[in-house]
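# Survey of secondary and tertiary structure
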Amino acid sequence: MTQAEHERHFNDKIAKEIKIEPNDWMPDEYRQTLIRQISQHAHSEVVGMLPEGNWITRAPNLRRKAVLLAKVQDEAGHGLYLYSATETLGADREQTIDDLHTGKAKYSSIFNYPALTWADIGAIGWLVDGAAIMNQVALCRTSYGPYARAMVKICKEESFHQRQGYESLMKLCNGTPQQKAMAQDALNRFWWPALMMFGPNDAESTHSEQSIAWKIKRFTNDELRQSFVDATVPQAEILGLTIPDENLKWNEERGHYDFSEINWDEFWQVVKGNGPCNKERLAARIKAKEEGLWVREAANAFAKKRAMKKSA
Amino acid sequence: MQQDSLFEYVMRLSDDSLILGQRLGEWCGHGPILEEDIAITNIALDLIGQSISLYDFAAELEAKGRNHDQLAYLRYENEYKNVLLVEQPNGDFAMTMLRQFFFDAFRLPLYEALMQSRVAQLAAIAAKSVKETRYHLKHSSEWVIRLGDGTEESHMRAQAAIDHLWRYTNELFYENAHDQRLQESGAVPLMSDIKEKWQKTVHEVLQEATLQLPSNNWKFDGGREGRHSEHMGYILSDLQYMQRAYPNMEW
């Protein structure tokens, strides 16, 4: 087939909602876009373990400790699953991880905010996993087969994470005034960073248009952000918590909530590495990789020795 | 009378699980490879799960209205009866794996024997925990072999971990009057039987790993009697932080 025929065939599949599979021909830019997006997603899962992992030893009771361990374990699993999806596109896992460490690859900026209190763990589940689900449910129908299938599994677990976070905050909101204040403080700090998770406004989003044409993305950043706000406001009301935005109100005409403009200066500063925990998060990942080097070398050396013994 | 002894015995098991689970939880997000982050978190989760069942049973035996969280979170340091081995710091990955291996090689035959306990509830908890413990031992043994027979550096680190941790292993087989009472009634096995199985596993695995047992046989103990190492206070500071800072609240 000529290049033009390949392209026609590929575009046909996209139009007919036939999934693109690893061995199919695909435009190089489609491949690179997917590698960038999936590895960014994988990095987010792995870096996201840090703020929560930080609370495992301090979880307030055994049940919460067990649930948090299970949740963080799921996230490591998602990371592994997604790195494997990038490998189906020809990416090298170690190289992908090195790109994270040099700052070439990004991860979700939300994890550059600190988890200061136990209520933050609830807020992360409710808002951060809630926002992630908005993105990921849409990705279950993404055009690249392995990514779409990974998302189906991941969404099921994320939805459990979101519910446990909400349930944990419910406990605080029905608890003592101190506990409720702790929950409100967590919402105050995580609300805006959660809205930032959907990325820049559509007009500013460099990759959006092509990704939508390729059906990698199904909804724009602003559409997803609006759905998130619409879904989350009633949940906050049930908790009895106040969303920190004085312009938040229902717009009858639009059938959506109106809300204030995001502080985009803060958004870009955090993306550029100037958030409260960017340095700490990357340093922790780099340290894990460096300190684990001798372990990986040992595992490789051992595997080689055994393979030689077998063939001898 | 036997109720007291059984309470003491079950608390040892649950404290061992809790404190080791707590230590493993510290690794989360910092493992040498993602697969190990998953494995270590999973083992921690199993251990915390075991401690919940065991504390529930202990609370029933005690019958003073305490629940599993009060037992796990609201005791003083000298009331914890875990062995010193499980409270030792994670150190490097070799230290963590050797600590885990020495513990798993003890826990598996202990649970296997406790499945025959005349105390039905203890037998049931052992039967439930034995399967996951078999995986834990498989995982830690494989790593001990891999590290011992891997590179020069991994061999050296694994040997250093053995040399350091060896002094804490004898305490695993601690017995006092409580044990004798429980052994007589068929509630728990003789520690000498467990030790024999432990030694067999340790010898086999270390031999395959090309690692040596230290010639120094100096032993430490005290954990089973509530005398801990300096590390224990810090573990409890983290563990108990929320319960102490926000008393009498539900989470």
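Source: prediction; values computed, not measured.

All right, on to the overall build of chain A then. For chain A, the count of helices and strands is twelve helices and two strands. In sequence order, chain A lays out its α and β elements as α-α-α-α-α-α-α-α-α-β-β-α-α-α. Its C-alpha atoms give chain A principal-axis dimensions of roughly 70 × 50 × 35 Å. Burial analysis of chain A (312 residues in total) assigns 56% to the buried set. Sequence-distant contacts in chain A: of pairs separated by 6 or more residues, those separated by 24 or more amount to 77%. When the accessible surface of chain A is split by element, carbon and sulfur atoms take 54% of a total near 14,100 Å². Taken together, the 40 basic and 42 acidic charged side chains of chain A have centroids lying 9 Å from each other.

The partner chain B presents 49 residues to the 47 residues of chain A that form the contact. Here chain A meets chain B over a buried area of about 4,200 Å², counting both sides, of which 68% is carbon and sulfur. It is T57(A), L62(A) and W294(A) in chain A that bury the most area against chain B; as a group they hold 19% of the surface buried on that side. Where chain A meets chain B, there are five salt bridges.

The next point concerns the side chain of Q243(B). One can find Q243(B) in helix α10 (residues 231-245). Reaching out from Q243(B), the side chain makes a polar contact with the backbone oxygen of P60(A) at a distance of 2.8 Å. Beyond its immediate stretch of four places on either side in the chain, Q243(B) contacts P60(A), N61(A), Y73(B), L74(B) and W251(B).

All names here are of chain B. Applying the stated criterion across every chain yields a total of 22 aromatic pairs over all chains. Where Y168 meets F220, the ring centres are 5.6 Å apart and the plane angle is 80 degrees; that geometry is what we call edge-to-face. Linking Y168 in the loop between α7 (152-165) and α8 (177-184) with F220 in the loop between α9 (191-208) and α10, this pair joins segments that are 52 residues apart in sequence. Look at F173 and W198: their rings are 5.2 Å apart centre to centre, the planes differ by 65 degrees, and that puts the pair in the edge-to-face class.

Take helix α2 (residues 34-62) of chain B next. What sets the pattern is the α-helix's 3.6 residues per turn: residues three or four places apart point alike. Relative to the 42 Å expected for 29 residues at 1.5 Å per residue, α2(B) spans 42 Å between its end C-alpha atoms, a close match to the ideal helical length. Looking one or two residues past α2(B), A63(B) carries a phi angle of roughly 55 degrees, positive in sign.

In this section: the nonpolar core. Counting residues in each nonpolar core, the largest one holds 174 residues, and the members touching the most others are Y30(A), F101(B) and F102(B). Tallying contributions element by element places α2(B) first for this core, with 15 residues. Leaving out residues up to four positions away in the same chain, F102(B) has contacts with L85(B), I162(B), L165(B), W166(B), T169(B), L172(B), W198(B) and V202(B).

Residues and elements named next belong to chain A. Mapped onto the elements of the fold, G255 is located in the loop between β1 (249-251) and β2 (256-258). Judged by relative accessible area, G255 falls into the partly exposed class, the value being 31%. Distance in space between the C-alpha atoms of G255 and Y144 is 33 Å, their sequence separation being 111 residues. Residue contacts for G255: discarding those within four places in its chain leaves D230 and W250.

Moving on to the pattern of salt bridges. Inspection of every chain in the model, using the stated rule, returns 37 salt bridges over all chains. The partner of D92(B) in a salt bridge is R157(B), and the shortest N-O contact between them spans 2.9 Å. With D92(B) in the loop between α4 (84-87) and α5 (93-114) and R157(B) in helix α7, this residue pair connects regions lying 65 residues apart in the sequence. As a salt-bridge pair, R146(B) and E142(B) come within 3.9 Å of each other at their nearest N and O atoms. Taken together, the positions of R146(B) and E142(B), both in helix α6 (residues 120-148) and four residues apart, correspond to about one turn of that helix. By relative accessible area, which is 33% here, E142(B) ends up partly exposed. Look at the salt bridges and you will find they share partners, linking E52(A), K71(A), E75(A) and D129(A) into a network.

Glancing now at the confidence of the model for chain B. Residues with a pLDDT of 70 or more make up 100% of chain B, whose mean pLDDT is 97. This prediction of the complex comes with two scores: 0.96 for pTM and 0.97 for ipTM.

The next thing to look at is unusual backbone geometry. Even without glycine at this site, E17(A) takes up a positive phi of about 65 degrees. Even without being a glycine, A63(B) presents a positive backbone phi close to 55 degrees. Looking at the secondary structure, you find A63(B) in the loop between α2 and α3 (68-73). Given a relative accessible area of 60%, A63(B) falls into the exposed group.

Here we take up the packing of helix α12 (residues 293-311) of chain A against α6(B). Packing of α12(A) against α6(B) leaves a shortest axis separation of 8 Å and a crossing angle of 85 degrees. On the basis of the axis angle, α12(A) is roughly perpendicular to α6(B). Along its contact with α12(A), which presents W294(A), V295(A), A298(A), A299(A), F302(A) and R306(A), the element α6(B) presents W143(B), I145(B), R146(B) and L147(B).

Our focus in this paragraph is helix α5 (residues 118-139) of chain A. Residue and element names in this part refer to chain A. A rise of 1.5 Å per residue sets the reference length of α5, with its 22 residues, at 32 Å; its end C-alpha atoms lie 31 Å apart and thus fit the reference within 8%. At I124, α5 is bent by approximately 35 degrees, the largest bend along its length. Of all 22 residues that make up α5, 19 are buried, and the element is covered over most of its length. Two or three places before A119, at the opening of α5, T117 has a side-chain oxygen 3.2 Å from that residue's backbone nitrogen.

For the rest of this paragraph, the subject is the environment of W192(A). All names here are of chain A. Looking at the secondary structure, you find W192 in helix α7 (residues 177-196). Exposure remark for W192: the relative accessible area of 19% places this residue in the buried category. Residues in contact with W192, not counting those within four places in the same chain, are P244, D245, S260, E261 and I262.

Once that is clear, we can look at the environment of G145(A). Residues and elements named next belong to chain A. Among the structural elements, G145 can be located in helix α6 (residues 145-173). The spacing of G145 and A85 is 60 residues in sequence and 9.5 Å in space, taken between C-alpha atoms. Ignoring any residue separated from it by four or fewer positions in sequence, one finds G145 in contact with K19, I20 and E21.

Cut-offs used in this document
- Within every chain, residues take consecutive numbers counted from 1 along the sequence as written.
- Chains and ligands are labelled by the order in which they are written, letters from A for the one and numbers from 1 for the other.
- Where local features are concerned, this predicted model is filtered to residues with pLDDT of at least 70; where side-chain atom pairs are given and counted, the filter is 80 or more; whole-chain, interface and lining totals use all residues.
- Where side-chain values are given, they derive from all heavy atoms of the structure, hydrogens and water being excluded.
- Comment: elements are numbered from the N terminus, with helices defined as DSSP H or I runs of at least four residues and strands as E runs of at least two.
- The buried label applies to any residue whose accessible area, calculated with a 1.4 Å probe on protein chains only, is under 20% of its type's maximum; exposed applies above 50%, and partly exposed to all values in between.
- Residue contacts follow a heavy-atom distance rule, with two residues in contact if any of their heavy atoms lie within 4.5 Å.
- Per-residue and other accessible areas were derived by the Shrake-Rupley procedure at a 1.4 Å probe size, with only the shown protein chains allowed to occlude residues.
- When charges are counted, Lys and Arg are positive and Asp and Glu negative, with His and the chain ends excluded.
- For this purpose, a charge sits on NZ of Lys, CZ of Arg, CG of Asp or CD of Glu.
- By buried area we mean how much accessible surface two parts lose on assembly, using a 1.4 Å probe and totalling the loss over both.
- Salt-bridge detection follows one rule: a side-chain nitrogen of Lys or Arg within 4 Å of a carboxyl oxygen of Asp or Glu.
- We call two N or O atoms a polar contact when they sit within 3.5 Å, provided that within protein one can donate a hydrogen and the other can accept it, with sequence-adjacent residues counted only if both atoms are side-chain atoms.
- Any Phe, Tyr or Trp ring, taking Trp's six-membered ring, that has another such ring centre within 6.5 Å forms a pair; planes under 30 degrees apart are called stacked, those over 60 apart edge-to-face, and the others tilted.
- To estimate the expected span of a helix, subtract one from its residue number and multiply by 1.5 Å.
- Throughout, nonpolar core names a set of buried Ala, Val, Leu, Ile, Met, Phe, Trp, Tyr and Cys residues whose side chains join them through atoms within 4.5 Å.
- How sure the predictor is of each residue is captured by pLDDT, a score from 0 to 100.
- Each axis is a line fitted through C-alpha atoms, and for a helix only the stretch in contact is used; angles between axes span 0 to 180 degrees, taken between their N-to-C directions.
- The cut-offs work like this: below 35 degrees is roughly parallel, past 145 is roughly antiparallel, 65 to 115 is roughly perpendicular, and the gaps in between are oblique.
- Note on bend: at a given residue it equals the angle between the axes fitted to the 7 residues ending there and to the 7 starting there.

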